[in-house]
Protein chains: 2
Amino acid sequence: MKRTKDAPLITKALSNEDAPDLNIIELLFFAYRDFTADPDLILEKIGFGRAHHRVLYFINRKPGMTVAELLDVLKITKQSLARVLKQLIDTEHVVQVTGPRDRRQRELYPTAKGRELALALALPQSGRIARALEESGPENRAAIEHFLKAMVNPDQRAQIDSLPAAG
Amino acid sequence: MKRTKDAPLITKALSNEDAPDLNIIELLFFAYRDFTADPDLILEKIGFGRAHHRVLYFINRKPGMTVAELLDVLKITKQSLARVLKQLIDTEHVVQVTGPRDRRQRELYPTAKGRELALALALPQSGRIARALEESGPENRAAIEHFLKAMVNPDQRAQIDSLPAAG
DNA sequence: AAAAATATGTCAGCCTTGTTGACTTATTTT
DNA sequence: AAAATAAGTCAACAAGGCTGACATATTTTT
C-alpha cells in the first residue's frame, strides 16, 4: 500500500461535522481546574476543603437559606452536608436559627467571621474572572454569562435566579 | 443614627466596585456541575468514575502521550493515575507502547473500544455546548473560547495549544 | 386527639480519588 | 561506572461523595 511519506497513518482524530466540540470541553476542564485552585490554597491553611467552600459560599450568598434549600443547590446528601456544616458551625463561621414560620427548619446565616472568609475565598476567583474578561473583551460579558447559564439544566436555572442580585 | 424607613439594615451584600463577581463565580459552579453530570451517568454503568474519564479523554485527544505528559496535564500524582490507568488497560480501552526513541517511556494509545467510549462520553457534553452556543448566539463562540482560555493559568496555556486541532 | 408527614440530625460503614513516602526496575545520560 | 530519569508498585491516609437505618421535634392531615 502506497502512501505519501508525510501522510499520517492515523488521521487527525475527528476534525469534521459529527466531531464533538473538544475545544470547549477541555477549556472548561482547564478553566475550572485553575479557577478552583486559588481558594484551595487558602482553605488548606485552615483545614477546610472545597466542600466547606461551597457550603459557606451559598450561605453567604443567600443568608437565611434552610438546610433543605442548600441540599437542593449543592446536590449532595444530608449526611455529606452535615459533616462540613457541623465544622462551619463549630468554628463559628455559620450560625443556625430556628425557622420563624416553621420551627422544624433551620435557617443558616454567616457570622462576620464567615463573611470575611467567604470574601477572602471569592476575591482571587473574582480577580481571575476580571482579568479574563479584560483579555477577552469586557463587551462580551453578557454573552459569556448567557452561555454559562445556558449550560445549566433548564429546570435548575430558576435556582440561579432566586439568588439575590443575580442575573 | 437616622435611617430612611425602607433602607435595609444589611445592605445588599456587596453590590459595588470592590464586590467579587459572584454572578460568574456561581455560573461556573452550576455550569460545571451539570456539564460533568452527563458523562457520569454513562460511566456509572460500566463501573468507571470521573478519573477514568479524564485519563481516557486526554489519551484519546493526543494519542501517544507519555505517562509524564499525562501527569502534567491532569495535575495528579503518579499513584493516582496508576490506579485508573491500570483499569483502562485491563479493560482494553488503552494500550501502552514502549517509546520508540526513549525506551523508558510508555506511549499511551486508545484502542477502538477506548475511542468509542471517549466519543460516547463526549457527545452529551458536546450537545450541551452546542445548545448553549445556540442560545447565547453562535457569533460569540470566539469570545467565549477566548474567555475560558484566559481563565487558565498563563503558564499552562501552552499545554492547551499543544493538543492537536485546538485553538 | 391521634396519626402521618416533614425537616433535621446522627450513627455506621462503604467507595472513589486524591495524597505522601519508600522502594524497584529498566534505560539513558553523564 | 555512576547518576539521573521514566515508570511501576506497595502501603497507609484523608476528603468528601454515597447508602441505610433510625431518632427527634414539629406541622399537617385525618
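Residues numbered from 1 in each chain as written. Chains lettered and ligands numbered in written order. Predicted model: local features only at pLDDT ≥ 70, side-chain atom pairs only at ≥ 80, totals over all residues. Heavy atoms only, no water.

> Outline the protein's contact with DNA strand D, listing residues and values.
Within the structure, DNA strand D sits among 24 residues, and Arg54(A), Thr77(A), Arg83(A), Lys78(B) and Gln96(B) are positioned closest to it. Near the protein, within 4 Å, the atoms of DNA strand D are sugar or phosphate in 53% of cases. One of the backbone nitrogen or oxygen atoms of Arg106(B) is found 3.3 Å away from a phosphate oxygen of DNA strand D. Mapped onto the surface near DNA strand D, the elements with two or more residues apiece are α2 (50–61) and α4 (78–90) of chain A together with α3 (67–74) and α4 (78–90) of chain B. Sorting elements by how many residues they give to the surface near DNA strand D places α2(A) first, with 4 residues. (Near = heavy atom within 4 Å. Polar contact = N/O pair within 3.5 Å; in protein donor to acceptor, adjacent residues only side chain to side chain. Helix = DSSP H or I, 4+ residues; strand = E, 2+ residues; numbered from the N terminus.)

> Got a sec to walk through the relation of the copies chain B and chain A? Specific residues and values, please.
By a simple turn and slide, chain B fits onto chain A: the slide is 0.0 Å along the axis, the RMSD is 0.1 Å, and the turn is 180 degrees. Accordingly, the operation relating the two chain copies is best matched by a two-fold axis. Relative to the rotation axis, the C-alpha of Ile144(B) is the closest in chain B, positioned 2.9 Å from it. Comparing interface residues between copies, 93% of those in chain B also sit at the interface in chain A, which points to an isologous, same-surface contact. (Least-squares fit on C-alpha atoms with pLDDT ≥ 70 in both. Contact = heavy atoms within 4.5 Å.)

> Lay out the confidence of the model for chain A in plain terms, naming residues and giving numbers.
Regions with low pLDDT should not have their predicted coordinates read in detail. Residues and elements named next belong to chain A. Overall, the prediction assigns chain A a mean pLDDT of 90, with 88% of residues at 70 or greater. Across residues 1–12, where pLDDT falls below 50, the model places 3 contacts with residues more than four positions away in sequence or in other chains. Both scores are given for the predicted complex: the pTM is 0.89, the ipTM 0.89. (pLDDT = per-residue confidence, 0-100.)

> Break down the pairing of strand β3 (residues 106–110) of chain B for me, with residues and values.
Residue and element names in this part refer to chain B. Pairing of strand β1 (residues 65–66) with β3, which is carried by 2 bridges, proceeds in the antiparallel orientation. Among the inter-strand pairings, Thr-66 is bridged to a residue of β3, identified as Glu-107. Bridge count for strand β2 (residues 94–98) against β3 is 5 bridges, and the pairing is antiparallel. Looking at β3, one finds that Gln-96 is bridged to Leu-108. (Pairing = 2+ DSSP bridges.)

> An account of the interface of chain B and chain A is requested, with residue identities and associated values reported.
With 58 residues of chain B at the interface, the matching set in chain A holds 56 residues. With both chains or domains summed, chain B and chain A bury close to 6,000 Å², and 69% of this area falls on carbon and sulfur atoms. Its largest share of buried area at the contact with chain A, chain B owes to Leu27(B), Tyr32(B) and Met151(B), together 10% of the area lost on that side. As a salt-bridge pair, Glu26(B) and Arg61(A) come within 2.6 Å of each other at their nearest N and O atoms. Here chain B is connected to chain A by 22 residue pairs in polar contact (both at pLDDT 80 or more). (Buried area = accessible area lost by both parts, 1.4 Å probe. Salt bridge = Lys/Arg side-chain N within 4 Å of Asp/Glu carboxyl O.)

> Break down the sheet that holds β2(B) for me, citing the residues and quoting the values.
Reading across the sheet, the 3 strands line up as β1-β3-β2 (chain B) and stay open at both edges, with antiparallel pairing between neighbours. Among the strands making up the open sheet, the edge pair consists of β1 and β2 of chain B.

> Pulling in residues and values, what's your account of the sheet that holds strand β2 (residues 94–98) of chain A?
Residues and elements named next belong to chain A. The antiparallel open sheet is built from 3 strands, whose spatial order is β1-β3-β2. With one partner strand each, in any of the chains shown, β1 (65–66) and β2 form the two edges of the open sheet. Seen against the sheet, α4 touches β2 and β3 (106–110) and runs at an angle of roughly 100 degrees to β2. (Axes fitted to C-alpha atoms, helices over the stretch in contact; angles between N-to-C directions.)

> Give a detailed account of helix α3 (residues 67–74) of chain A, specifying residues and quantitative values.
An α-helix turns once every 3.6 residues. As a result, residues three or four positions apart point the same way. Along α3(A), the positions that sit buried rather than exposed are Leu70(A), Leu71(A), Val73(A) and Leu74(A). Projection of α3(A) onto a plane perpendicular to its axis shows the buried side chains occupying an angular sector of 165 degrees, all on one side. Where the residues of α3(A) are buried, they touch α2, β1, α4, β3 and α7 (157–161) of chain A together with α1 (22–45) of chain B. In the segment just after α3(A), Lys75(A) is the residue with positive phi, at about 55 degrees. (Buried < 20%, exposed > 50% of the residue type's maximum accessible area, 1.4 Å probe, protein only. Arc of directions from axis to C-beta.)

> Before we move on, could you go through the protein's contact with DNA strand C and cite the residues and values that matter?
Residues in close proximity to DNA strand C total 24 residues, the closest being Lys78(A), Gln96(A), Arg54(B), Ser80(B) and Arg83(B). In the interface set of DNA strand C, defined as its atoms within 4 Å of the protein, sugar plus phosphate atoms amount to 55%. A distance of 2.8 Å is found between a base oxygen of DNA strand C and a side-chain nitrogen or oxygen belonging to Arg104(A). At 2.5 Å, a side-chain N or O of Arg54(B) approaches a phosphate oxygen of DNA strand C. Elements represented by at least two residues in the surface near DNA strand C include exactly α3 and α4 of chain A together with α2 (50–61) and α4 of chain B. If you tally residues by element for the surface near DNA strand C, the top one is α2(B), at 4 residues. Residues belonging to the surface near DNA strand C are distributed by class as follows: 4 nonpolar, 9 polar and 11 charged. (Nonpolar A, V, L, I, M, F, W, Y, C, P; charged D, E, K, R; others polar.)

> Tell me about the environment of Lys62(A), and name the residues and values.
All names here are of chain A. Structurally, Lys-62 can be placed in the loop between α2 and β1. Along the primary structure Lys-62 and Tyr-109 are separated by 47 residues, whereas in three dimensions their C-alpha atoms are 8.3 Å apart. Ignoring sequence-local partners within four residues, the contact set of Lys-62 consists of Glu-69, Ser-162, Leu-163 and Pro-164.

> Hey, could you go over the packing of helix α6 (residues 141–150) of chain A against α1(B) for me, with residue numbers and the actual values?
For the pair α6(A) and α1(B), the least separation of the axes is 9 Å and the interaxial angle reads 30 degrees. Here α6(A) lies roughly parallel to α1(B), going by the angle between them. Considering the relative orientation of α6(A) and α1(B), their crossing is left-handed. Contacts between α6(A) and α1(B) involve Arg141(A), Glu145(A), Leu148(A) and Lys149(A) on the former and, on the latter, Asn23(B), Ile24(B), Leu27(B), Leu28(B) and Ala31(B). Each residue belonging to the contact of α6(A) with α1(B) can be placed in one class, and the counts come to 5 nonpolar, 1 polar and 3 charged. (Parallel < 35°, antiparallel > 145°, perpendicular 65-115°, else oblique. Left-handed = near helix turned anticlockwise from the far one by under 90°.)

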